[in-house]
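Inside the fold
Chain residues, written in single-letter form:
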Amino acid sequence: MLILGIESATQQVGVSIGGHEGVIATFEVARGRRHAEILAPAIQFVCRQADIELTDLGCIAVDVGPGLFTGMRVGLAAAKALAQALKIPMIGISSLDLLAFPCRHTDRVVVPVIDARKGEVFWAMYRQVPGGVQQVGAPTVGPIDDLVADLLARSQDALCVGDGADRYRDEILDGFHCEISGPVHPSPAALVQLAHSRALREEWVRPGEIEPIYLRAPDAQINWATRESRP
Amino acid sequence: MLLRAASLVDTCAIASSLAGLARVGDIIVLAGEMGAGKTAFAQGFGKALGVTEPITSPTFTLVHSYPCGPKLTLHHADIYRLDSTGDVDQLALPELAEFGGIVLVEWGDVVATGFGDHLEVRLSRDEVGDGAGGADGDDDFGLDEARLIELQATGRSWSGRWDRVAYGLEGYRC
């Protein structure tokens, strides 16, 4: 079965197609932040170059975040629209999983760190298991200090990856000695690879069941009562 | 910094002066009662950035975007209709600012803590300076009456520009 992977949860826009033979084609642009303008032509380009018709696809995989609101929305909307129109199922995978997966050959704790803006980051922790990685610390959002405290609490050899680790390199290294390298953005190729193993187990959902992971501060009512003029 | 705008023309001139100092990534919160002149301020601001379309209040559409050249878009948001901070978060206004935008947020003061560095522009009617008319409700707000405009910066982003802000608006200081 052919899977189309759409990844737009960070600054990067990525599209990949693959299946049982592995990843066939990939397109990535990490500059410009024009998710809406790039995504549809990218899908068209990848399909054309790999000589694949949209109707050949059996499943749409999408990065469900956490990450940029604006980017995720474009990716999710496009992915859902395609799946609905083609009447095929979907698989949603977290951006943190996608960052950790390419580091599955290290025996260190893998810590994907994604820039959440305003001095905060999203992170989670993974360790190597046969065939991939397994989450050992739940996804969290918080200031860099909280991430450093989490790393110190574990005090294990760690590998930090992602645009958050890249941006806050000095702050992280000041607080905890670890390595910062590896992928900066989640890759659509990893998305297709992870989705393929789930597709084999038929672990997919209908387009309406895919939800983004915002992982943000708890929702609160706006206190409009303080405004006298609110009718 | 407290300013006094004697008329609508002054409000637009103050907005225009701030627009000249604004840059990509800025979030400017517009606070004040109904009819205080938030939209008038946005119109003066947009005109100074070269927006030629008419700027209207985005109360029902939440955000209006006006391209001002190849690398800048002015986003004019109004969160009056929203009831929860989660709804405001989903508009991703800081992301719009970061990605080549300047964002004006009407009523943004109710959730300003979520915006990080920003400038607040608080508009109110000048009760003292303006003798005419009653003080018994928004309906009596004449559009061309005097306004008090208070500027307050949160975070470092505006502090480096504060001297120029003060210089440009010297004539309106109270």
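Residues numbered from 1 in each chain as written. Chains lettered and ligands numbered in written order. Predicted model: local features only at pLDDT ≥ 70, side-chain atom pairs only at ≥ 80, totals over all residues. Heavy atoms only, no water.

Let's talk about the overall build of chain B
The line we're drawing: Comment: elements are numbered from the N terminus, with helices defined as DSSP H or I runs of at least four residues and strands as E runs of at least two. What the globule rule says is 2.2 Å times the number of residues to the power 0.38, and the radius of gyration is computed from C-alpha atoms. To sort residues, take the accessible area from a 1.4 Å probe on protein chains only and compare it with the maximum for the residue type: under 20% means buried, over 50% means exposed, and anything in between is partly exposed. The contact criterion used throughout is that any non-hydrogen atoms of two residues lie within 4.5 Å.
Check the secondary structure of chain B and you find five helices and seven strands. Helices and strands appear in chain B in the N-to-C order β-α-β-α-β-β-α-α-β-β-β-α. Computed over the C-alpha atoms, the radius of gyration of chain B is 15 Å, within 12% of the 16 Å expected from 2.2 N^0.38 for a compact globule of 174 residues. Structurally, chain B occupies a C-alpha span of about 45 × 35 × 30 Å along its principal axes. For chain B, buried positions account for 51% of its 174 residues. Across chain B, contacts joining residues at least 24 apart in sequence account for 68% of those joining residues at least 6 apart.

Focus on the overall build of chain A
Rules: Using the Shrake-Rupley algorithm and a 1.4 Å probe, accessible areas are obtained, with residue cover drawn only from the displayed protein chains. In this tally Asp and Glu are treated as negative and Lys and Arg as positive; neither His nor the chain ends contributes. Charge positions are represented by NZ for Lys, CZ for Arg, CG for Asp and CD for Glu.
Scanning chain A from N- to C-terminus turns up seven helices and ten strands. The globule rule puts the C-alpha radius of gyration for 231 residues at 17 Å, and the 19 Å found for chain A is close to it. Split into buried and exposed, the 231 residues of chain A put 51% on the buried side. Once local pairs closer than 6 in sequence are excluded, the contacts in chain A between residues at least 24 apart make up 65%. In the structure as shown, chain A presents an accessible area of about 10,800 Å², 49% of it carried by carbon and sulfur atoms. Within chain A, one finds 21 positive and 28 negative side-chain charges whose respective centroids are separated by 5 Å.

As for a negative patch on the surface
Residues and elements named next belong to chain A. Short version of the rule: The patches described consist of residues with a relative accessible area above 30% and no salt bridge, like charges being joined within 9 Å and nonpolar side chains (Val, Leu, Ile, Met, Phe, Trp, Tyr) within 5 Å. Take a side-chain nitrogen of Lys or Arg and a carboxyl oxygen of Asp or Glu: if they are within 4 Å of each other, that pair is a salt bridge.
On the surface, Asp145, Asp146, Asp170, Glu171 and Asp174 cluster together into a negatively charged patch. Every element with two or more residues in the negative patch is listed here: helix H4 (144-154) and helix H6 (169-175). The leading source of residues in the negative patch is H6, at three residues. Residue placement: Asp146 occurs in helix H4.

Details of the pattern of salt bridges
The tally for this structure, following the rule as stated, stands at twelve salt bridges over all chains. Of the charged contacts in the structure, one is a salt bridge between A:Glu179 and A:Arg108, with a shortest N-O distance of 2.4 Å. Here A:Glu179 is found in strand S10 (residues 179-180), whereas its partner A:Arg108 is found in the loop between helix H3 (95-100) and strand S6 (109-117), with 71 residues between them in sequence. The exposure class assigned to A:Glu179 is partly exposed, which follows from its relative accessible area of 33%. On the basis of relative accessible area, A:Arg108 is assigned to the partly exposed category, the value being 23%. In the salt-bridge network here, residues are joined through shared partners; they are A:Asp115, A:Arg117, A:Arg167 and B:Glu98.

Section: the sheet that holds strand S9 (residues 158-161) of chain A
Residue and element names in this part refer to chain A. As a reminder, the rule being used: Here the rule is simple: two strands pair whenever DSSP picks up at least two bridges between them.
One open sheet accounts for five strands, arranged S8-S7-S6-S9-S10; its pairing is mixed. The strands lining the two open edges of the sheet, one partner per strand, are strand S8 (132-143) and S10. In this structure, S9 lies alongside S10, joined through two bridges in parallel fashion. Each residue of the ladder has a partner; that of Leu159, found in S10, is Glu179.

Topic: the confidence of the model for chain B
Going by this rule: Confidence scores labelled pLDDT are given residue by residue by the predictor and lie between 0 and 100.
Here chain B averages 88 in pLDDT, while 91% of its residues score no lower than 70. Below pLDDT 50 for its whole length, residues 131-140 of chain B participates in ten contacts with residues either more than four positions away or in separate chains.

Digging into the interface of chain B and chain A
The criterion, for reference: Note on definitions: buried area is the accessible-area loss of two parts on being combined, 1.4 Å probe, summed for both.
Counting from both sides, the interface comprises 28 residues of chain B and, opposite them, 19 residues of chain A. Summing the contributions of chain B and of chain A, the shared interface buries around 2,100 Å²; its carbon and sulfur component is 50%. Summed over the three residues of chain B that lose the most area to chain A, namely B:Tyr80, B:Glu95 and B:Phe99, the buried surface amounts to 27% of that side. In this structure, the connection of chain B to chain A is made through one salt bridge. Linking A:Arg117 and B:Glu98 is a salt bridge whose minimum nitrogen-to-oxygen distance equals 2.5 Å.

A closer look at the environment of B:Gly86
Residue and element names in this part refer to chain B. Residue position: Gly86 is located in helix H3 (residues 85-91). Looking at Gly86, the relative accessible area reads 15%, which means it is buried. Between the C-alpha atoms of Gly86 and Ala153, which are 67 residues apart in sequence, the distance is 24 Å.

Digging into the side chain of A:His196
As for its placement among the helices and strands, A:His196 is situated in helix H7 (residues 188-200). Not counting residues within four places of it along the chain, the set of residues in contact with A:His196 comprises A:Ile3, A:Gly19 and A:His20.

Re the state of the cysteines
The criterion, for reference: In this description, a disulfide is simply a cysteine sulfur pair whose atoms lie within 2.5 Å.
A complete count under the given rule lists zero disulfides over all chains for this structure. We note that A:Cys160 lacks a disulfide partner, and the nearest cysteine sulfur, in A:Cys178, lies 3.9 Å from it. For A:Cys160, a relative accessible area of 0% translates into the label buried. Summary of cysteine pairing: B:Cys68 is not part of a disulfide, and the nearest cysteine sulfur, belonging to B:Cys12, is at 16 Å.

Some remarks on the packing of helix H1 (residues 35-49) of chain A against helix H2 (residues 69-86) of chain A
All names here are of chain A. Our working rule: Each axis is a line fitted through C-alpha atoms, and for a helix only the stretch in contact is used; angles between axes span 0 to 180 degrees, taken between their N-to-C directions. Each helix crossing is assigned a hand: it is left-handed if the near helix lies turned anticlockwise from the far helix by less than a right angle, otherwise right-handed if that turn is clockwise. Think of it as three bins: nonpolar holds Ala, Val, Leu, Ile, Met, Phe, Trp, Tyr, Cys and Pro, charged holds Asp, Glu, Lys and Arg, and polar takes everything else, Gly as well.
Close contact between H1 and H2 brings their axes to 9 Å; oriented N to C, the two are set at 35°. Crossing of H1 against H2: the hand is right-handed. Across from His35, Ala36, Leu39 and Ile43 in H1, the residues of H2 making contact are Gly71, Val74, Gly75, Ala78 and Leu82. Of the residues assigned to the contact of H1 with H2, the class counts are six nonpolar, three polar and no charged.

Some thoughts on the domain arrangement of chain A
Residues and elements named next belong to chain A. Our working rule: Those domain boundaries reflect an automatic or database domain assignment.
By the assigned domains, chain A splits into domain 1 (2-94 + 186-209) and domain 2 (96-180). Contacts between the two partners involve 17 residues from domain 1 and, on the opposite side, eleven residues from domain 2. The largest per-residue losses of area from domain 1 upon contact with domain 2 belong to Pro66, Ser94 and Pro186, which jointly make up 41% of the total buried on that side. The tally of links from domain 1 across to domain 2 stands at zero salt bridges. When residues in the side of domain 1 that touches domain 2 are grouped by element, the largest group, five residues, is from H7.

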